Every structure is written in C-alpha cells, then in structure tokens.
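# Descriptive analysis of the structure
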Amino acid sequence: MIPDPAVLQSCLLFRGKSAEELELLLHKIIYTVTAYQKNKLIFAEGDTADRIGIILSGRVEVQKTHPSGSGVTIAHLSAGQTIGEAVLFRKENLVPATVTATGPCQVMFISKHELLRLFSADTDILTRFIENLSERLVLVNRKIEILSAGPLRRRMIYFLLEQAVQQASDHIRLPFSRKEWAEHLNTARPSLSREMGYLRDIGWIEFKGSRITLLNREAMHEYIRTDQPSAGQDK
C-alpha cells in the first residue's frame, strides 16, 4: 500500500513538503505499512525500538503498565502523528510503553537506518524530526504540570483552564473520553465524576457528554492561585 501524501503532509516530519515531493520521496525510501484491528498490539513495552511509526488512519493508545499490573494511559494518537521516535536513538532503545490500536488503523514504519539516510539526504526532515521531539517534550512537561498541580480537584481545574486557552473558548470539548480523562489525571473514574458534580453544583461548570462549559473562569483561576481555596476542601 502507498500512503496518501495528504496524510503524510499532516505529519510534522514531512511538514512543508508538497504532494509531488512526497510521492517522489515514497519511491526512494524503504518502508512498510501494516493494518491493525481493534486491541491489536503495535509495540510491546520492552521491545527494541528500531523503527518509527506514522499513523496513517485510525487511533492508537499508549499505555504504561505499573509493576502492580495496573495501567495508565499516557496518550492517544491519531492520523499524522508518530510513535517510537522518542527512544529511537537512545543507547538503551527499548520501547517504554505499550501501543495498541483502539480501532482499525494503519501504520507506516520506517527503520532507524532508513531514517538516518533520510536525514542525510534532506536536512529539512531532520529539522522536523527534532521539532517533533520538542513538541513531545512540551506535552510531557504539560502533563507533569497537571499531575503536580495537587489534589484531584485542582488538577481537574488546571486541565479545564488549559483546554479553555487552547480551544479559545469557555465551551470546550474534551479531547478524549471520561475514562481516558481519569487515566490522564491518574485517578479513578468515580472520583472524577464526583468532582465534576461538585464543580457543577457550585456553579463553576456545566457539562453534557464530552462538552464542558466554564461558567466562572475567574473563580477557577483564583482556586488555582491560592494555597487555601475557599471553594470547599480538596479531595
């Protein structure tokens, strides 16, 4: 299967490339495309990281398993995003998390050797690769900020305010399901639902499904700023 250049154009690695340039590129490099069904394993934690994956269609889940056996979802990635690049050039290049398909998807794989050949032939691709790593680092730092924001209520409010800024609206749509949001905040879904109900009851938010409306962003910012918030006790 030949990847659709339009999908590759959405990948940061090939940003700025025309469809014609990508078609020529695809004839010059060695790659594979693999189709996966729902819940099929793409990368297993501990595998050798010797290739980069580019999601062509569908969605994948990245999950870290704790020694206790419980898992925490690190990220959900969709078409145009990459997997495996963060550890590709580490000395101990082992896959740090499990990657599975959340539904039917297709992934394009380029080996480490072939990627190095691309870097030598096209420094723009090398630049985009570094930019991609930088974007991932920013996302990791953002998640650390959220998880270090304190108790659950504070973490939730921090996340909601961040989404309001990113979406430039008080009417936001969660980028994932409630279950995935709970995992993102490292909490149980019942605890998340309880806090959602609390924030609704005090008049700070309204919600229906994946849509949440911030009704009192000023009070939410004040809650984040103060060490002893007045809006009830954190849980």
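Now for a quick tour of the structure. (Residues numbered from 1 in each chain as written. Predicted model: local features only at pLDDT ≥ 70, side-chain atom pairs only at ≥ 80, totals over all residues. Heavy atoms only, no water.)

## Some points on the sheet that holds strand β6 (residues 82-83)
The strand order β1-β8-β3-β6 describes an open sheet built from 4 strands, whose pairing is antiparallel. Whereas interior strands pair on both sides, the edge strands pair on one side only; in this sheet they are β1 (32-36) and β6. Across the sheet, helix α3 (residues 112-121) is in contact with β3 (51-57) and β8 (105-111); its angle to β8 comes to roughly 70°. (Pairing = 2+ DSSP bridges. Helix = DSSP H or I, 4+ residues; strand = E, 2+ residues; numbered from the N terminus. Contact = heavy atoms within 4.5 Å. Axes fitted to C-alpha atoms, helices over the stretch in contact; angles between N-to-C directions.)

## Describing the nonpolar core
Within soluble globular proteins, side chains that are nonpolar tend to cluster in buried spots. By size, the foremost hydrophobic cluster in this structure holds 22 residues, and its most contacted members are M156, L160, W181, I205, I212, L214 and M220. Mapped onto this core, the elements with two or more residues apiece are α5 (152-167), α6 (178-184), α7 (189-201), β11 (211-214) and α8 (217-225). At 7 residues, α5 tops the list of elements feeding residues into this core. Sequence-distant contacts of L160, defined by excluding residues within four places in its chain, comprise I172, W181, I205, I212, L214 and M220. Of all hydrophobic cores here, the second largest spans 21 residues; its members include L22, L25, I110 and L118. (Core = buried A, V, L, I, M, F, W, Y, C linked by side-chain atoms within 4.5 Å. Buried < 20%, exposed > 50% of the residue type's maximum accessible area, 1.4 Å probe, protein only.)

## What about the packing of aromatic side chains?
Tallying each qualifying case throughout the model produces 7 aromatic pairs. Ring plane angle 85° and centroid distance 5.9 Å describe the contact between F89 and F129, whose orientation is recorded as edge-to-face. Here F129 lies in helix α4 (residues 123-147) and F89 lies in the loop between β6 and β7 (98-101), a separation of 40 residues in the sequence. A relative accessible area of 36% means that F89 is categorised as partly exposed. Since its relative accessible area comes to 4%, F129 is described here as buried. Ring centres of F159 and W181 lie 5.4 Å apart, and the angle between their planes is 40°; this geometry places the pair in the tilted category. (Phe/Tyr/Trp six-rings, centres within 6.5 Å; stacked < 30°, edge-to-face > 60°.)

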